[in-house]
Amino acid sequence: MLCHITTSVFASLIFDWTRKNNEGCLIIESFLWAELVTAFSNSALGDTFSLILFYGNTSIPQVDNAVQGIFVAKESISFATYWGGTVTNLIDKIVGAFLGFAIYFLLNRRKLRFADFSLNKKIINNVFNIK
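Residues numbered from 1 in each chain as written. Predicted model: local features only at pLDDT ≥ 70, side-chain atom pairs only at ≥ 80, totals over all residues. Heavy atoms only, no water.

Visitor: So what exactly am I meant to see when it comes to unusual backbone geometry here?
Guide: Glycine aside, negative phi is the norm for most residues, and most peptide bonds take the trans geometry. For Glu-75, which is not glycine, the phi dihedral falls at a positive 60°. Considering the arrangement of structural elements, one finds Glu-75 in the loop between α3 (61-74) and α4 (77-107). (Helix = DSSP H or I, 4+ residues; strand = E, 2+ residues; numbered from the N terminus.)

Visitor: Help me understand the pattern of salt bridges, please; the structure alone is not making it clear to me.
Guide: Evaluated as defined, the whole model comprises two salt bridges. Here Arg-19 ties to Asp-16 by a salt bridge, and the two come within 3.8 Å at their closest N and O atoms. Placement of the pair is Arg-19 and Asp-16 together in helix α1 (residues 2-21), with a separation of three residues, close to one helical turn. Between Lys-93 and Asp-92 there is a salt bridge whose closest N-O contact spans 3.5 Å. Note on Lys-93: relative accessible area 17%, which makes it buried. (Salt bridge = Lys/Arg side-chain N within 4 Å of Asp/Glu carboxyl O. Buried < 20%, exposed > 50% of the residue type's maximum accessible area, 1.4 Å probe, protein only.)

Visitor: Would you take a moment to explain the packing of aromatic side chains for this structure?
Guide: Two measures describe an aromatic ring pair: the distance that separates the ring centres and the angle between the ring planes. Applying the stated criterion to the full structure yields five aromatic pairs. Aromatic rings pair up to connect Phe-15, Phe-31, Phe-101, Tyr-104 and Phe-105 into one cluster. Lys-74 extends its terminal NZ or CZ atom over the ring of Phe-79, reaching a point 5.5 Å from the ring centre. (Phe/Tyr/Trp six-rings, centres within 6.5 Å; stacked < 30°, edge-to-face > 60°. Lys NZ or Arg CZ within 6 Å of the ring centre and 35° of its normal.)

Visitor: Looking at this model, I keep getting lost on the nonpolar core. Mind explaining?
Guide: General note: in soluble globular proteins, nonpolar side chains tend to be found buried as a group. Residues Ala-11, Ile-14, Phe-15, Leu-26, Ile-28, Phe-31, Ala-34, Ala-97, Phe-101, Tyr-104 and Phe-105 constitute the largest nonpolar core, which totals eleven residues. Elements represented by at least two residues in this core include exactly α1, α2 (28-54) and α4. Top contributing element to this core by residue count: α4, with four residues. In terms of nonpolar packing, the next biggest core, distinct from the first, is built from five residues, Leu-51, Val-63, Val-67 and Ala-80 among them. (Core = buried A, V, L, I, M, F, W, Y, C linked by side-chain atoms within 4.5 Å.)

Visitor: When you look at the environment of Ala-102 in this model, what are you seeing that I'm missing?
Guide: The topology assignment puts Ala-102 in helix α4. In this structure Ala-102 comes out as buried when scored by relative accessible area, which is 18%. Sequence-wise, Ala-102 and Ile-28 are 74 residues apart; in three dimensions their C-alpha atoms are separated by 9.0 Å.

Visitor: Any chance you could explain the packing of α1 against α2 here in plain terms?
Guide: Two numbers describe a pair of packed helices, the interaxial angle and the distance between the axes. The N-to-C vectors of α1 and α2 enclose an angle of 160°; their axes lie 9 Å apart at closest approach. Relative to α2, the element α1 lies roughly antiparallel. The chirality of how α1 crosses α2 is right-handed. Seen from α1, the contacting residues are Leu-2, Cys-3, Thr-6, Thr-7, Phe-10, Ala-11, Ile-14, Phe-15 and Thr-18; seen from α2, they are Ser-30, Phe-31, Trp-33, Ala-34, Val-37, Thr-38, Ser-41, Asn-42, Leu-45, Gly-46 and Phe-49. (Axes fitted to C-alpha atoms, helices over the stretch in contact; angles between N-to-C directions. Parallel < 35°, antiparallel > 145°, perpendicular 65-115°, else oblique. Left-handed = near helix turned anticlockwise from the far one by under 90°. Contact = heavy atoms within 4.5 Å.)

So this is what it looks like as structure tokens:
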């Protein structure tokens with residue numbers, strides 16, 4: 001629950017700041033920054049609770065496999081728990097950031113088409129086949 005709260009708080013702060021500086025629009029960089037910040041905050045919180053309460057076991061197969069693989073190489077459960085959780089959080093959040101931006105862009109296509117993006121508008125239009 002604390003990880004979800006930190007995700008919401010950090011994403012909200014980043015999105016609010018981006019909207020103020022980009023005429024009310026979000027850009028892909030804001031989603032990527034939110035991903036990066038929440039990946040590390042979730043990793044720090046989640047991995048700490050996982051290590052203290054469950055000795056590194058999260059019951060999420062992908063995370064546990066990463067932790068076990070790192071543990072075999074390093075033989076430190078705390079190191080393996082933090083690095084395994086951080087790597088899986090980064091991968092998970094980057095997929096979510098791109099999907100979130102794609103959904104946001106498609107839902108706000110008309111408004112965003114004329115917004116001043118820091119990215120090349122031609123690339124965005126080609127990716128989403130906008131004419």
